[in-house]
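# Residue-level structural notes
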Amino acid sequence: MTAKMGAKSVGGAGLMKSKNTKPEEIRKSNIQAAKALSDAVRTSLGPRGMDKMIQDAKGEVTITNDGATILNQMNVIHPAAKMLVELSKAQDIEAGDGTTSVVVLAGSLLEAADKLLQKGIHPTSISDSFQKAASKSVEILTSMAIPLDLSDRASLLKSANTSLNSKIVSQNSTELSPIAVDSVLRIIDPTRENNVNLKDIKIIKKLGGTVDDTELVEGLVLEQRSSNVNGPKRVEKARIGFIQFQVSPPKTDMDNQVVVSDYAMMDRVLKEERAYILNIVKQIKKAGCNVLLIQKSILRDALSDLAVHFFDKMKIMVVKDIEREDVEFLCKTLTCRPIASLDHFTAENLVSAECVEEVMTGASKCIKFTGIANPGKTVSIVIRGSNKLMLEEADRSLHDALCVIRCLVKKRFLIAGGGAPETEISRELMLYANSLTGADAYCFKAFAEALEIIPYTLSENAGLNPIGTVTELRNRHAQGEKTAGINVRKGCITNILEENVVQPLLVSTSAITLASECVRSILKIDDIVNTVRG
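A quick note: this is a predicted structure, and the numbers were derived from the prediction, not measured. (Residues numbered from 1 in each chain as written. Predicted model: local features only at pLDDT ≥ 70, side-chain atom pairs only at ≥ 80, totals over all residues. Heavy atoms only, no water.)

### Here we look at the overall build of the protein chain
Applied cut-off: Per the convention used, a helix needs a DSSP run of H or I reaching at least four residues, while a strand needs a run of E reaching at least two, with both numbered from the N terminus. Put simply, the radius of gyration uses C-alpha atoms, and a globule should come to 2.2 Å times the residue count raised to 0.38. Here's how the labels work: a residue is buried when its accessible area is under 20% of the maximum for its type, exposed when over 50%, partly exposed in between, all with a 1.4 Å probe on protein chains only. Two residues qualify as a contact provided that any one of their heavy atoms is within 4.5 Å of a heavy atom in the partner residue.
Across its full length, the protein chain holds 16 helices and 16 strands. For 534 residues, the compact-globule formula gives about 24 Å, and the C-alpha radius of gyration of the protein chain, at 31 Å, lies well above that figure. Referenced to the eigenvectors of the C-alpha coordinate spread, the extents of the protein chain come out at roughly 115 × 65 × 40 Å. In the protein chain, which comprises 534 residues, the share counted as buried stands at 50%. The long-range share in the protein chain, meaning contacts at least 24 apart out of those at least 6 apart in sequence, stands at 78%.

Written as structure tokens, this is what we have:
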């Protein structure tokens, strides 16, 4: 009897065992996949981080060390690893910078969670403790942050420099940082606004020259060239009109045909066409317009050859093919309204500018508007670069610098960089964990240790001894030096604020919050089900 009972209980345990092992395996597989992805981008963290060369299916090559760009272009198949790609996108939208840090942090937290799971702590307990630890970390960060005033241009420049220092264009940070700071300050009113619409900053990429030649234009720059053949290429005291109709002969509907059987009819068609176009051109001239912008049309040519000839004679500068997505920016900059029909083309719908001219930038031309009568709050930046790869990376780097300034407008606090905040949070959480009981104490300690991945990776990428550096950093923080961080240039631990390495509070707080949220959702998964499409 007892033997039978024993056999039964063993069988039951076996059944439960197989039920329990599957979630464990799934969790393990998820953690491994996500960790592998975070290890792939880990080497590109910090000012001495390496760059990745990515080749897509068409053979296009991208060179970058921006975490969001690397992960976005990777072909990730594992569903848990895809969550890290989404995490990096979320950080890019929320803060714009710290996209590599957030993935590295998530990988480290997953590794910590894996060790806790092996100790037999339940995933839900780990998940809840990680959430508490993340909110505690945000509190610690906020308490050590330095308030910032937007009129303090030097501090804004420091944080833009810190962001650019980890990019390929770090040697050009002295030119790009002031451009980023000035462009954001131009388009907002610091006293009233607490967000920045980066669509009000138009970035135009032009091949040729070097990144040093990048300039901020007060006014408007259009990538299009003027359509005139012999017409003016420079107009002073310009009166600008922006139309959404076409200056070309009307077409029949799609399924209609006009059959011309003899020369007399053909002459009449040409005569009518000439009269029709001449009427439009005369009315445009009559309103006093001498610079005409035409929106791109998909129905028919925006401008016929005959119209170009008439405009040349009338000395009117014409720019066609203004893209639909540029219309809003153009109207905001010139403070004009698009004119949809010829009847509304009157003098009061035109706007004035001191000068409109076609200028040569590198191998191509662009049109510059300066001295706009009542300009809107927008700016244009013309980025230059010696080759396409450099140009693309300069654009991404400048976007990151603009996002850093946007973070400071949203949340006006600065914190030290160089692994200092992470080490400080780690130390504070360790002390706090000693006052806790139960599984929470273990989880808080694991979370605190996991945060040290940032200073560890920074020193590893800079070629320093990571263990020696991180332990010295811990020691300095324990002595009360809250702003001690890794000085990558000198290869030692210094007060990082004196080295002008600062970052916005929002970048760090959103990185910790988003990374812990992502880790929690990965821990909660205990099965992956594939659906069959019917």
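### A word on the sheet that holds strand 13 (residues 413–416)
The cut-off we apply is this: Strand pairing is assigned whenever DSSP detects at least two bridges linking the two strands. Under this scheme, a helix contributes an axis fitted over its contacting stretch, all axes are lines through C-alpha atoms, and angles between N-to-C directions fall in the 0 to 180 degree range.
Spatially, 3-13-16 is the arrangement adopted by the three strands of the open sheet, whose pairing is antiparallel. Of all strands in the sheet, those bounded by a partner on one side alone are strand 3 (146–147) and strand 16 (502–504). Running over the sheet, helix 6 (residues 153–165) touches strand 13 and strand 16 and is turned about 95 degrees from strand 16. Against the sheet, helix 16 (residues 505–524) engages strand 13 and strand 16, with an angle of about 65 degrees to strand 16.

### Some details on helix 6
How we decide: Between the first and last residue of a helix there are one fewer steps than residues, each counted as 1.5 Å, and that sum is the expected span.
Under the 1.5 Å per step criterion, the end-to-end length of helix 6 is 18 Å for 13 residues, consistent within 8% with the ideal 18 Å. Along helix 6, the residues classified as buried are S155, L156, S159, A160, T162, S163 and L164. In this structure, the buried side of helix 6 is in contact with helix 7 (173–187), helix 11 (388–410), strand 13 and strand 16.

### A short note on the sheet that holds strand 10 (residues 351–361)
The strand order across the open sheet built from six strands is 6-11-10-7-8-9, with neighbouring strands paired in mixed fashion. Looking at which strands have only one partner, the edges of the open sheet turn out to be strand 6 (220–222) and strand 9 (317–322). Direction aside, neighbouring strands of the sheet carry axes that sit 35 degrees apart on average. Sitting on the sheet, helix 10 (residues 327–334) is in contact with strand 6, strand 7 (234–243), strand 8 (291–295), strand 9, strand 10 and strand 11 (364–372), with an inclination near 145 degrees to strand 6.

### A closer look at the nonpolar core
This is how it is decided: Grouping buried Ala, Val, Leu, Ile, Met, Phe, Trp, Tyr and Cys residues that are joined through side-chain atoms within 4.5 Å yields what is termed a nonpolar core.
Judged by nonpolar contacts, the single largest core of 61 residues is most densely connected at L84, I126, F130, L429, F447 and I512. Of the residues forming this core, the biggest block, 11 residues, is contributed by helix 4 (residues 99–118). Core analysis: the second largest hydrophobic core is formed by 32 residues, L164, L198, V211 and V379 among them.

### Looking at the packing of helix 5 (residues 123–143) against helix 13 (residues 439–451)
For any two helices packed against each other, one specifies the crossing angle of their axes together with the interaxial distance. In plain terms, the rule: Note on terminology: angles under 35 degrees are roughly parallel, angles over 145 are roughly antiparallel, angles of 65 to 115 are roughly perpendicular, and the others are oblique. By the definition used in this description, the sense in which the near helix is turned from the far one sets the handedness, with an anticlockwise turn below a right angle giving left-handed and a clockwise turn giving right-handed.
Two elements in contact, helix 5 and helix 13, have axes separated by 9 Å at closest approach and are oriented at 55 degrees. Compared by their axis directions, helix 5 and helix 13 come out oblique. With respect to the hand of their crossing, helix 5 and helix 13 are arranged in right-handed fashion. Counting all contacts with helix 5, which are made through S125, I126, S129, F130, K132, A133, A134, K136 and S137, the residues of helix 13 involved are D440, C443, F444, F447 and L451.

### Regarding the side chain of S38
As for its placement among the helices and strands, S38 is situated in helix 1 (residues 2–42). The class for S38 is buried, based on a relative accessible area of 2%. Excluding residues that lie within four positions of it along the chain, S38 makes contacts with L84, V103, V104 and G107.

### Section: the side chain of N487
What counts here: Residues adjacent in sequence count toward polar contacts only when both atoms are side-chain atoms; beyond that, a polar contact is any pair of N or O atoms within 3.5 Å, and within protein one must be able to donate a hydrogen and the other to accept it.
Positionally, N487 belongs in strand 14 (residues 484–487). Under the relative-accessibility criterion, N487 is labelled buried at 4%. There is a polar contact of 3.1 Å between the side chain of N487 and the backbone nitrogen of R489. Residues within four places of N487 in sequence aside, it is in contact with C492, T494, I496 and E499.

### Some points on the packing of aromatic side chains
What counts here: Two rings from Phe, Tyr or Trp (for Trp, the six-membered ring) form a pair when their centres sit within 6.5 Å of each other. Planes less than 30 degrees apart are called stacked, planes more than 60 degrees apart edge-to-face, and all others tilted. Criterion for a charge above a ring: Arg CZ or Lys NZ at most 6 Å from the ring centre, at most 35 degrees from the ring normal.
Within this structure, the stated rule accounts for two aromatic pairs. Here Y432 and F444 contribute two aromatic rings whose centre-to-centre distance is 5.5 Å and whose plane-to-plane angle is 55 degrees, an arrangement assigned as tilted. A residue pair is termed long-range when its members are at least 10 positions apart, and Y432 in helix 12 (residues 420–433) and F444 in helix 13 qualify at 12 residues. Above the face of the Y432 ring, K136 is positioned so that its terminal group lies 4.5 Å from the ring centre.

### Quick word on the pairing of strand 12 (residues 379–385)
Most of strand 12 sits out of view: seven of its seven residues are buried. Of the two faces of strand 12, the one lined by V379, I381, I383 and G385 and the one lined by S380, V382 and R384 are each fully buried. As paired strands, strand 4 (residues 201–207) and strand 12 are joined by seven bridges and run parallel to one another. Looking at the pairing, I201 lines up with V379 of strand 12. Pairing between strand 5 (residues 215–217) and strand 12: three bridges, direction antiparallel. Its bridge partner being in strand 12, V217 is matched across the sheet by S380.

### Some details on the confidence of the model for the protein chain
It should be kept in mind that the predicted coordinates are not to be read in detail where pLDDT is low. Here is the rule: How sure the predictor is of each residue is captured by pLDDT, a score from 0 to 100.
In this model, the protein chain carries a mean pLDDT of 84, and residues with pLDDT of at least 70 account for 95%. The element-level mean pLDDT for the protein chain is lowest in helix 1, coming to 68, with helix 4 highest at 92. In this model, residues 1–13 is a region of pLDDT below 50 whose contacts with residues beyond four sequence positions or in other chains number zero contacts.

### What to know about unusual backbone geometry
Within the chain, K237 stands out as a residue other than glycine whose phi angle is a positive 50 degrees. Residue placement: K237 occurs in strand 7. Phi at K315 is positive, roughly 60 degrees, even though this residue is not glycine. Here K315 lies in the loop between helix 9 (305–314) and strand 9. By relative accessible area, K315 is classed as exposed at 55%.

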